[in-house]
Amino acid sequence: MARWLNANGYTAYVLSYRLPHEKWQAGRLAPLQDAQRAIRLVRSFERKVHVLGMAAARPNFESYPAIDPLDEVVPKVDSVGLIYPVITLEAPYQHTNTHLMMVGKNAMPQDEANWSVQNYVTRQYPPTFLAQAEDDHTSNPFNTELMHDTCRRNRVPVELIQISKGGHGFGLGKAGTPAALWDQAYVRWLDRVS
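Residues numbered from 1 in each chain as written. Predicted model: local features only at pLDDT ≥ 70, side-chain atom pairs only at ≥ 80, totals over all residues. Heavy atoms only, no water.

**Details of the nonpolar core**
Looking at soluble globular proteins, one finds that nonpolar side chains tend to be buried together.
Item 1. Counting 20 residues, the largest nonpolar core has Val51, Leu82, Tyr125 and Met147 as the members making the most contacts within it.
Item 2. Secondary structure elements with two or more residues in this core: helix 2 (30-43), strand 2 (79-83) and helix 5 (142-153).
Item 3. In terms of nonpolar packing, the next biggest core, distinct from the first, is built from 17 residues, Ala133, Ile161, Ala179 and Val187 among them. (Core = buried A, V, L, I, M, F, W, Y, C linked by side-chain atoms within 4.5 Å. Buried < 20%, exposed > 50% of the residue type's maximum accessible area, 1.4 Å probe, protein only. Helix = DSSP H or I, 4+ residues; strand = E, 2+ residues; numbered from the N terminus.)

Right under this line is the structure:
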């Protein structure tokens, strides 16, 4: 993906982040800490920051205490791409690995709500691109529909690409398949919002 973005004129950074089940002291905050620190770092030398991922949802949430002046920067992004995302951890969509990692098996409804992205979309949420296959059995396609509707309700610019087949984790998609079509729509969208 990074090489493809480079070929289309974008500088790309790849974040290798910690996962909650890896027993880090930060627990479920570990991936958010890594994403927020990375956004702050990239923001320090890039004019605009776009992320592929969920870190855009809560820029004002302090996932770790400041360790240097860089942490005074709010980890805000200019736009976000969510490809086959898990948006909600709330009922009846609690049967995902994301739910298990972020809130555990016997989570309280308030914990599920606190980690559900749609609950943080306001008018200030960055322009959003969504893509998901209708036959995704890992992340229910309801997730992208929910995010699309939530963005529209809050007047956040949003584009949704629904793919008939591709499952979960299709990446750039195999040539000649429906999943191979989203990338061109995505780069056109990036060009418009950049």
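Picking up where we left off.
**With respect to the side chain of Arg58**
Item 1. For Arg58, the position within the fold is in the loop between strand 1 (50-52) and strand 2.
Item 2. There is no salt bridge for the buried Arg58, and the closest opposite charge comes from Asp111, which lies 9.3 Å off by N-O distance.
Item 3. Of note is the side chain of Arg58, whose polar atom sits 3.1 Å from the backbone oxygen of Asn114.
Item 4. Those residues in contact with Arg58 that sit more than four places away from it in its chain are Gln36, Asn114 and Tyr120. (Lys, Arg positive; Asp, Glu negative; His and termini not counted. Salt bridge = Lys/Arg side-chain N within 4 Å of Asp/Glu carboxyl O. Polar contact = N/O pair within 3.5 Å; in protein donor to acceptor, adjacent residues only side chain to side chain. Contact = heavy atoms within 4.5 Å.)

**Comments concerning the sheet that holds strand 3 (residues 128-133)**
Item 1. Strand order across the open sheet formed by 4 strands is 1-2-3-4, with parallel pairing between neighbours. The sheet is open, and its two edges are formed by strand 1 and strand 4 (158-163), each paired on a single side. Here the average twist between neighbouring strands, direction ignored, is 10°.
Item 2. Its contacts with the sheet place helix 5 against strand 2, strand 3 and strand 4, and it is angled at close to 155° to strand 3. (Pairing = 2+ DSSP bridges. Axes fitted to C-alpha atoms, helices over the stretch in contact; angles between N-to-C directions.)

**Description of helix 2**
Item 1. Over its 14 residues, helix 2 extends 20 Å from the first C-alpha to the last, a length consistent with the 20 Å expected when each residue adds 1.5 Å.
Item 2. The element helix 2 is largely enclosed, with a buried count of 10 among its 14 residues.
Item 3. Every buried residue of helix 2 is listed here: Ala30, Pro31, Leu32, Gln33, Asp34, Ala35, Gln36, Ile39, Arg40 and Val42.
Item 4. Where helix 2 is buried, its residues meet strand 1. (Expected span 1.5 Å × (residues − 1).)

**Topic: the pattern of salt bridges**
Item 1. Under the definition given, this model contains 6 salt bridges.
Item 2. Two residues, Arg18 and Asp34, come together in a salt bridge whose shortest N-O distance is 2.8 Å. Note that Arg18 is positioned in the loop between helix 1 (2-7) and helix 2 and Asp34 in helix 2, a separation of 16 residues in sequence.
Item 3. Close ionic contact of Arg192 with Glu159 constitutes a salt bridge, the shortest N to O distance being 2.5 Å. In this pair, Arg192 sits in helix 6 (residues 182-193) while Glu159 sits in strand 4, placing the two residues 33 residues apart along the sequence.

**Quick look at unusual backbone geometry**
Outside of glycine, negative phi angles account for most residues, and trans bonds account for most peptide bonds.
Item 1. Of the consecutive residues Ala91 and Pro92, the connecting peptide bond is found in the cis state with omega at 0°.
Item 2. Mapped onto the elements of the fold, Pro92 is located in the loop between strand 2 and helix 3 (97-102).
Item 3. Not every positive phi belongs to a glycine, and Lys23 is a case in point at roughly 65°.
Item 4. Here Lys23 lies in the loop between helix 1 and helix 2.
Item 5. Here Lys23 falls in the exposed class, since its relative accessible area comes to 75%.

Purely spatial values, then, with no claim about function.
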